[in-house]
Amino acid sequence: MTQDKLKKAVGWAALDYVQPGTVVGVGTGSTAAHFIDALATVRHQIEGAVSSSDASTQKLKSLGIQVFDLNEIDVLSVYVDGADEINPQMQMIKGGGAALTREKIVAAVAETFICIADASKEVDVLGRFPLPVEVIPMARSYVARQLVKLGGLPEYRQNVVTDNGNIILDVHNLRILDPIVLEKTINALPGVVTVGLFAARGADIALIGGPDGVKTIKK
């Protein structure tokens, strides 16, 4: 089974967690795009969606799904999104699509965070995938120097501006043994908007697509 078919399988599997009459949190990226396709098949049964990126918002609207501003919503029952890496503790690296800040905000509001991913995203220790950090542009050099002190090799993601108007530093050479501590440390640096570590608030359920079908992991 191709990687795209695995992504499609988990995207559609997440539909089982969508309750009628609710507003659904929707993530960003190629796996989340399959979930949006699935969500469109029940669009008349749900109130609508909250989106974590402009790209997902456009896709949702094109399929006839109403998109709400998060400020209008008190509670989301579920948030469905992909991951660049996920460890056995359900902690993740996210931000390959540069939407990490909005993804983290929506995840914070959701009662249940469902990670959808193919089996290649499973790792024992986070850090093989470069860790994205969203940074206010004027702080780029300062934050990069601090990330070097933490043992990382930051690389400016060229020609990428986030939906919030900021830049991304991708941090290589990390073996993240304590994701919660590193998340807090990087988030505390002046000029950092947020780091793509989803550790303090990890996934509650992971749907992992592999050769034998979709595996469900619960925290």
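Please refer to the structure placed before this passage.
Residues numbered from 1 in each chain as written. Predicted model: local features only at pLDDT ≥ 70, side-chain atom pairs only at ≥ 80, totals over all residues. Heavy atoms only, no water.

For the rest of this paragraph, the subject is the pattern of salt bridges. Tallied over the full model, the rule gives 10 salt bridges. With a closest N to O distance of 2.7 Å, K94 and D81 form a salt bridge. Placement of K94 in the loop between strand 5 (92-93) and helix 4 (100-109) and of D81 in strand 3 (residues 76-81) is noted, with a sequence separation of 13 residues between them. K104 is the partner of E183 in a salt bridge, and the nearest nitrogen-oxygen pair spans 2.9 Å. Here K104 lies in helix 4 and E183 lies in helix 6 (residues 179-187), a separation of 79 residues in the sequence. Since its relative accessible area comes to 7%, E183 is described here as buried. A cluster of three or more residues bridged by salt bridges with shared partners is formed by D81, K94 and E103. (Salt bridge = Lys/Arg side-chain N within 4 Å of Asp/Glu carboxyl O. Helix = DSSP H or I, 4+ residues; strand = E, 2+ residues; numbered from the N terminus. Buried < 20%, exposed > 50% of the residue type's maximum accessible area, 1.4 Å probe, protein only.)

In this section: the sheet that holds strand 12 (residues 205-210). Judged by pairing direction, the sheet is mixed, and its six strands sit side by side in the order 2-1-3-6-12-13 without closing on themselves. The two strands at the open ends of the sheet, each matched to only one other strand, are strand 2 (48-51) and strand 13 (213-218). Each neighbouring strand pair of the sheet contributes to a mean axis angle of 25°, computed without reference to strand direction. Sheet analysis places strand 1 (residues 23-26) next to strand 2, joined by four bridges and oriented parallel. Within strand 2, the position partnered with V24 by the bridge is A49. (Pairing = 2+ DSSP bridges. Axes fitted to C-alpha atoms, helices over the stretch in contact; angles between N-to-C directions.)

Turning our attention to the packing of helix 1 (residues 3-13) against helix 2 (residues 30-40). Two elements in contact, helix 1 and helix 2, have axes separated by 8 Å at closest approach and are oriented at 50°. By the angle between their directions, the pair helix 1 and helix 2 is classed as oblique. Considering how the two elements wind past one another, helix 1 and helix 2 form a crossing that is right-handed. Across the interface between the two elements, D4, K7, K8, V10, G11 and W12 of helix 1 pack against S30, T31, H34, F35, D37 and A38 of helix 2. (Parallel < 35°, antiparallel > 145°, perpendicular 65-115°, else oblique. Left-handed = near helix turned anticlockwise from the far one by under 90°. Contact = heavy atoms within 4.5 Å.)

Our next topic: helix 6. Burial in helix 6 covers these residues: P179, L182, E183 and I186. Seen from one end, helix 6 has its buried residues packed into an arc of 105°, which puts them on one side. Of the surrounding elements, those touching the buried residues of helix 6 are helix 4, strand 7 (131-135), helix 5 (140-149), strand 10 (192-195) and strand 11 (197-198). (Arc of directions from axis to C-beta.)

Let us look at the environment of C115. When you line up the elements, C115 lands in strand 6 (residues 110-118). Sequence-wise, C115 and I208 are 93 residues apart; in three dimensions their C-alpha atoms are separated by 8.2 Å. Beyond its immediate stretch of four places on either side in the chain, C115 contacts D81, G82, A83, I86, M92, A203, I205, A206 and L207.

Looking now at the sheet that holds strand 7. Here four strands make up an open sheet; going across it, the order is 8-9-7-10 and the pairing antiparallel. Edge positions in the open sheet fall to strand 8 (153-156) and strand 10, since each of these has one partner strand only. Neighbour to neighbour, the strand axes of the sheet diverge by 30° on average, direction disregarded. Relative to strand 9 (residues 167-172), strand 8 runs antiparallel, the two sharing four bridges. Considered in strand 9, the bridge of E155 is made with D170.

A separate point is unusual backbone geometry. Of note, M90 is a non-glycine position whose phi angle comes to about 70°, a positive value. Position of M90 among the secondary structure elements: in the loop between strand 4 (85-86) and strand 5.

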